[in-house]
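# Descriptive structure summary
This is what each chain is made of:
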Amino acid sequence: MKEIVLLASGSGSNVENIINYFKGHEKIKISCVLTNNSNAKVITRCQRLQVPLLYFNRDAFSKSDTVLKLLQSLNPSLIVLAGFLWKIPENWVPAFPNQIINIHPALLPKYGGKGMYGMHVHKAVRANKEKESGITIHYVNEHYDEGVVIFQAKTQIAEIDSIEVIAKKVHELEYKHFPRVIEKLLTDHG
Ligand code: GAR
């Protein structure tokens, strides 16, 4: 069985979608969800879905190796950032080579980097009158949103689309593609 650890900071609708996708899967299992936000909606989702959830603070995450050591003991095949907003500590990258992936709600390299997350991305896309946006799934390296791209999908934006409509279109792409990309990564590697 290949195991996945999910990291999330907020609502966790992608976490819920991924958990549901892999429910009963014969080769892939969600071992647990980690969050850095003790008020995140992802916590109640995990309780309802009966998936183990652990909370960590900044000290455990980047001022010590507590979370890294926890991950090493869990030994997942893949660490999936699904709406996780802290920058991954540099020593995680060599510890999990090509085993940490992130989803970004835009077509990187556009609209990436520090401060570009969630609705901030869609606001910037709207302000620049972009005709399209989309999702990028990429490996995580030492820099925000700069690792090798694994997958992108696009959606068209109409002039009348509000920021909320853009967010909805992008979320729909995430729900459709993210679990399948994860599945492909884990099954293609044997
Ligand atoms: C998702 O749209 C994800 O792409 C984005 O946060 C949202 C989380 O939604 N991630 C980033 O912006 C990372 N820079 P969710 O909590 O409902 O899954």
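For the structure given in this document, a descriptive report is provided here.

Rules used in this analysis
Residues numbered from 1 in each chain as written. Predicted model: local features only at pLDDT ≥ 70, side-chain atom pairs only at ≥ 80, totals over all residues. Heavy atoms only, no water. Helix = DSSP H or I, 4+ residues; strand = E, 2+ residues; numbered from the N terminus. Axes fitted to C-alpha atoms, helices over the stretch in contact; angles between N-to-C directions. Parallel < 35°, antiparallel > 145°, perpendicular 65-115°, else oblique. Left-handed = near helix turned anticlockwise from the far one by under 90°. Contact = heavy atoms within 4.5 Å. Nonpolar A, V, L, I, M, F, W, Y, C, P; charged D, E, K, R; others polar.

Let us look at unusual backbone geometry. Across the junction of Leu 108 and Pro 109, the peptide omega takes the value 15°, indicating a cis bond. Topologically, Pro 109 is positioned in the loop between strand E5 (100–104) and helix H6 (118–127). A positive phi is found at Tyr 111, a non-glycine position, where the angle reads about 60°. In this structure, Tyr 111 sits in the loop between E5 and H6. In this model, Lys 129 sits at a positive phi of 55°, which is unusual for a non-glycine residue. Mapped onto the elements, Lys 129 comes out in the loop between H6 and strand E6 (132–139).

On to the packing of helix H1 (residues 13–22) against helix H2 (residues 41–49), then. At their nearest, the axes of H1 and H2 sit 9 Å apart, and the two run at 20° to each other. It follows from the interaxial angle that H1 and H2 lie roughly parallel. Between H1 and H2 lies a crossing whose hand is right-handed. Facing H1, whose interface residues are Ser 13, Val 15, Glu 16, Ile 19 and Asn 20, H2 presents Val 42, Arg 45, Cys 46, Arg 48 and Leu 49. Its residues assigned to classes, the contact of H1 with H2 shows five nonpolar, two polar and three charged.

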